Structure formats: C-alpha cells, structure tokens
Amino acid sequence: MSTVIGGQRTGLASRHEMLLRLEEAITTARTQEQRLALLAFNLRGFREININFGHHRGDQVLHRVMEAIQGTLRSCDQAFHVGGDEFAVLLRELKSPQVAHLAITRILDAIEEGPNDASNTPMASARAGGAIFPDHAGNIDDLMRAADSALYSAHKTRRRYTLYDSAINERNQQRIQLHNDLKEGLKRNQLLFHYQPQYDLHHNCIRGCEALIRWPHDTLGWINPELFITVAEESGLIADLTYWSLNVVLREWNLLAAGITQAPVSINLSAVLLNSREIVELVERAINIWGIDPASLVLEVTESAMMADPEDALRTLNALHERGIQISIDDFGTGYSSLAYLKQLPVKELKIDKSFVMNMMDNDKDRKIVQSVIDLAHNLNMHVVAEGIENRETQDLLASMGCDYGQGYYFSRPLPAEDVPPVLMNACQL
Ligand code: C2E
Ligand code: MG
Ligand code: MG
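For clarity, every value in this text was computed on a predicted model and none was experimentally measured. (Residues numbered from 1 in each chain as written. Chains lettered and ligands numbered in written order. Predicted model: local features only at pLDDT ≥ 70, side-chain atom pairs only at ≥ 80, totals over all residues. Heavy atoms only, no water.)

Visitor: Go over the pairing of strand E5 (residues 126-133), please, and point to the residues and values.
Guide: Counting buried residues in E5 gives eight out of eight residues, a clear majority hidden from the surface. What you see with E5 is no split at all: Ala-126, Ala-128, Gly-130 and Ile-132 on one side and Arg-127, Gly-129, Ala-131 and Phe-133 on the other are buried throughout. One ladder, built from eight bridges, connects strand E2 (residues 35-43) with E5; its direction is antiparallel. Pairing of Ala-37 across the sheet is with Ile-132, part of E5. (Buried < 20%, exposed > 50% of the residue type's maximum accessible area, 1.4 Å probe, protein only. Helix = DSSP H or I, 4+ residues; strand = E, 2+ residues; numbered from the N terminus. Pairing = 2+ DSSP bridges.)

In structure tokens form, the structure reads like this:
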C-alpha cells in the first residue's frame, strides 16, 4: 500500500512533510533521469459541507477522501493533506505524462464514488491540477507553482482537471497583472465612459444612450472591455468597479442631459452581481447621491447571466424594478431563456444580439430569428432594441419588421462624453 501522510483532521502529512518528500523525490528523479508528477486536489463545496452538516461530518468526508485517494495509489506514490480541503499527490517513476492523466482521473473517480457503508457521509467531489518534473518545471518551487496554476485553470474553465500548460500559465500571469493594473487604474480614475446613442426607428430621434466602459491603459493602450470585466469578475473587483461605474455614469449623465432631455442612460450590469443582494443597495446609494430619477436608469443584464441562477436573478431584478429602475435583456438570443421564465421577469426591453442583426441582410434564418424576437417581445409587452446596425438597409428592414429602437455604427459609434450633448439635441420628446 502506498504511503499516505497527513494533517490534523485526517492524520495525513502536512505541507511541511510534502516539501521534504518532494525535495527528496526530485533529487532522485534528477539523478536517475526519471519523471515525477505533483497533483493538487481541491474539494468542491467543502465549506458548505462544514456549514450544513457540521465539522464532524466534514472530518468524515476528509477521511473518506483520504481513503479514496489511498486506494488508487501505487506503493511508490504518496498523498498529503496540505490544507483544509486541499490534498496533494506525488507520483514517482512516472513512465509518461499519459500516466498522470490516468492517475488523476482514477483519483477523481474514487473521490466521487461516495461511501459504500451507508454512513450518510455527504458526497464529495474535487478539481485537480497536475505538473510534471522535468517537463513542466525543473525545481520544487516551479513545480508547485505549475501544479497550482493548473488547478487554478481547472477552476476557471470548470473542468475536472488540467495538466500544466505554459500557455495557460502565461495567460494567468497576464490576468493577475491586469487585475493589479485595474485596481490601480480605478484608484487613479483612469477609466471612463463612452456613450452610444439609441435611435427610435419610427420617429428618427434619440431615445437614450448606452454607457460603455473604456480603459486607456498606460502602456497597453485601449483594453477590450470584455477582457477586463471578466478579470474584475474573476478577481472580486467587480462590485467596486460597478459602484464606481454607477457613480461616474449617473453624475456624468446628469450633466450631459441637463436642460436637454429626460432620456434614459443604460448601464451594463455584470452577471456575477445578479446573484448578490449587494447590487440593489449599490444602485440605490448611487441614485440617491446623484438625485437621479430611477426611471432614467436602464440596467442591461445579459440573457446568459440571468439563466445562470434564475431564482436569484429574479429576486434581484424584482427588487430593482420595485425601485423604479428599468431592466433590459442584453444579447438576447445567445443564451437559453425559457419562455416560462421570461414572462415572470420585470423586463421592459429585449436587445437583439448584434450577431443576428449584422447577418440578417444575407441570412434568411437570422432574419426570421430577428422577426420572432420582435414578435415575442411585443406579445409580452416589451419593446425591442436591435444592436449592431451598420448600414441603411438593415435600419430600413428592421423598421419595416416593427423593431422599435436601433443602435449601431451606422447611426453612431460610442462617443466620448463631450460629444454627447449636441447629439442629445435630437432626443425624442417624451
Ligand atoms: P454590449 O453591452 O452588448 O455592448 C455592445 C457592444 O457592441 C459594444 O462593444 C459596442 O461598441 C459594440 N457595437 C455597437 N454598435 C456596433 C456595430 O454597429 N457593429 C459592431 N461590430 N459592434 C457594435 P464594447 O464597448 O466593446 O463592449 C463590449 C461588451 O463589454 C458589452 O457588450 C458589455 O457586455 C461589456 N461592457 C461594456 N461596458 C461595460 C460596463 O460598463 N460594465 C459591464 N459590466 N460590462 C460592460
Ligand atoms: Mg449592453
Ligand atoms: Mg449586447
């Protein structure tokens, strides 16, 4: 049987013990020109198990996981309990990287198999990352970093496991750098908003603008918003970024539209925040600070964001709606809304994703999808905005199909704040 060494709750060895064994194993592998693999495992939902079932049950789960891992190992391998819900496995004398794939899968299967002793121990599952000496790293520090990086990638990509890949690592490093720069950029007020007008297709006037975030990075230039918003979502910076955005846009819109129009401004709301109670409070606070009529704020939420956790999303959207804020579903058609769910939502607007609009002149199916969304929205008492209108023909066709509003490069690209007031002179009379 393999050696399993452990921490307080499992009797397995600690991280310190792992470092000693790993050092030894690397020295041997180097002199004997062998490979070895370091695998990192992280239990999923272990905190919830502790909270819902108590620490005693949590300990039972850890024991069972330890046994499951142990049962799959060869006599030369070793397992360690290196932290609360973290385990590590050292595979010596690895014949090929393929063997590491097999070992990880076998261990994950064993962990998920569940207790066969009718003890009611909660089920466990894990994610894993692995790295191989000398293929991925030539010393202990780099090997541990590579295994951690692979585990991080497994979490990010929601895979069961990943083996280290230098390209992935580079991407992770870039994201960490971007996160640090973004934090700094927010502190230094480096980010700003451009505003893209939305046109009323039947009355040829402007019915509002969408605020789109921009980041002119010191050395990298303009960074794609989808990239840095994802980084902010992954690194927990998104609540700060959103509160900052709400304040900047509401203050700016107050000034830009003052004395010209009551037209609303639309702000994109990150998917991550839909499942948090915090967002309602953040929005309310910003509205109160800037004395904005809640009806002149539209919050755009993507369809896929809502469907990630529909019940939470419905609660959050209802709370925002009750405060008089308008809700719009962005990128409609690219997610998977159920119609039963759609009819419960307090939504006034569907935005047809630009991928359909941009192809509808040449593609019969896209045109039919656009028509169906327009009909669906009107039947549910919502209005429709088409995004991505790039030419006159598309505008005319959409108007003839009954689409209410349009947005796109044909009318205007997103504009810097100072260029907005002249455009608002053509705002629709409400
Ligand atoms: P979105 O909300 O669907 O915004 C529309 C995107 O389409 C914008 O890209 C806009 O510049 C672009 N667009 C507008 N008209 C046309 C057109 O005629 N042709 C083409 N090809 N594109 C057009 P942008 O500004 O790069 O934003 C991309 C996405 O980033 C947005 O998609 C939104 O999901 C996200 N985003 C932007 N600003 C914010 C923000 O302040 N907060 C959050 N959470 N997300 C934001
Ligand atoms: Mg949008
Ligand atoms: Mg969109």
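Visitor: Describe in detail the coordination of the magnesium ion (ligand 3), supporting the description with residues and values.
Guide: The protein atoms that coordinate the magnesium ion (ligand 3) are Asp-330 (OD), Asp-331 (OD), Glu-387 (OE) and Glu-387 (OE), at distances spanning 2.0 to 2.5 Å. The buried category is assigned to Asp-330, whose relative accessible area is 6%. (Donors = N, O, S within 2.8 Å, 3.2 Å for Na, K, Ca; no water.)

Visitor: Go over the confidence of the model for the chain, please, and point to the residues and values.
Guide: Any region with low pLDDT has predicted coordinates that should not be read closely. Taken over all residues, the pLDDT of the chain has a mean of 90, while the share at 70 or more is 95%. Counted against residues more than four places away or in other chains, residues 1-6, with its pLDDT under 50, gives 28 contacts. (pLDDT = per-residue confidence, 0-100. Contact = heavy atoms within 4.5 Å.)

Visitor: Lay out the site of ligand 1 in plain terms, naming residues and giving numbers.
Guide: Taken together, 23 residues surround ligand 1, and among them Arg-214, Asn-268, Asp-330, Glu-390 and Tyr-409 come closest. In this structure, Gln-196 approaches ligand 1 through a side-chain N or O atom, which is 3.1 Å from a nitrogen atom. Within the backbone of Ile-213, an N or O atom sits 3.1 Å from a nitrogen atom of ligand 1. Broken down by secondary-structure element, the contributors of at least two residues to the shell around ligand 1 are strand E7 (192-200), strand E8 (205-214), helix H7 (225-235), strand E13 (326-332) and helix H13 (354-359). Considering each element in turn, the shell around ligand 1 owes the most residues, four residues, to E8. Class assignment for the residues of the shell around ligand 1 results in nine nonpolar, five polar and nine charged. (Near = heavy atom within 4 Å. Polar contact = N/O pair within 3.5 Å; in protein donor to acceptor, adjacent residues only side chain to side chain. Nonpolar A, V, L, I, M, F, W, Y, C, P; charged D, E, K, R; others polar.)

Visitor: I'd love a proper account of the coordination of the magnesium ion (ligand 2), names of residues and values included.
Guide: For a metal with four tetrahedral donors the ideal donor-metal-donor angle is 109.5 degrees, while six octahedral donors give ideal angles of 90 or 180 degrees. Protein-derived ligands of the magnesium ion (ligand 2) are Glu-210 (OE), Asn-268 (OD1), Glu-300 (OE) and Asp-330 (OD), with the metal-ligand distances lying across 2.0 to 2.2 Å. For the magnesium ion (ligand 2), the single-chain donor residues occur in sequence as E-x57-N-x31-E-x29-D. For Asn-268, a relative accessible area of 31% puts it in the partly exposed group.

Visitor: Talk me through the environment of Ile-325; I want residue IDs and the actual numbers.
Guide: Among the secondary structure elements, Ile-325 is positioned in the loop between helix H11 (310-322) and E13. By relative accessible area, Ile-325 is classed as buried at 2%. Spatially, the C-alpha atoms of Ile-325 and Val-347 are 9.9 Å apart, while their sequence positions differ by 22 residues. Ile-325 has contacts with Val-283, Ile-287, Pro-294, Leu-297, Leu-299 and Leu-320, leaving out every residue within four places of it along the chain.

Visitor: Tell me about the packing of helix H1 (residues 15-31) against helix H5 (residues 140-156), residues and numbers included.
Guide: Between two packed helices, both the angle of their axes relative to each other and the distance between the axes serve to describe the pair. Following both chains from N to C, one finds H1 and H5 inclined at 115°, their axes separated by 10 Å at the closest point. Between H1 and H5, the crossing angle belongs to the class labelled roughly perpendicular. Here H1 runs over H5; the crossing is right-handed. Residue-level contacts link Met-18, Leu-19, Leu-22, Glu-23 and Ile-26 of H1 to Ile-140, Leu-143 and Met-144 of H5. Of the residues in the contact of H1 with H5, the class split is seven nonpolar, no polar and one charged. (Axes fitted to C-alpha atoms, helices over the stretch in contact; angles between N-to-C directions. Parallel < 35°, antiparallel > 145°, perpendicular 65-115°, else oblique. Left-handed = near helix turned anticlockwise from the far one by under 90°.)

Visitor: An account of the environment of Ile-140 is requested, with residue identities and associated values reported.
Guide: Here Ile-140 shows up in helix H5. Here the alpha-carbon distance between Ile-140 and Gly-84, two residues 56 residues apart in the chain, equals 22 Å.

Visitor: An account of the state of the cysteines is needed here, citing residue identities and associated values.
Guide: Throughout the structure, instances matching the rule amount to one disulfide. A sulfur-sulfur distance of 2.1 Å marks the disulfide that ties Cys-205 to Cys-428. Its S-S torsion of about 100° marks the bond between Cys-205 and Cys-428 as right-handed, since a negative value means left-handed. One end of the pair, Cys-205, is in strand E8; the other, Cys-428, is in the segment after helix H16 (420-424), with 223 residues separating them in the sequence. For Cys-428, a relative accessible area of 14% corresponds to the buried category. (Disulfide = S-S within 2.5 Å.)

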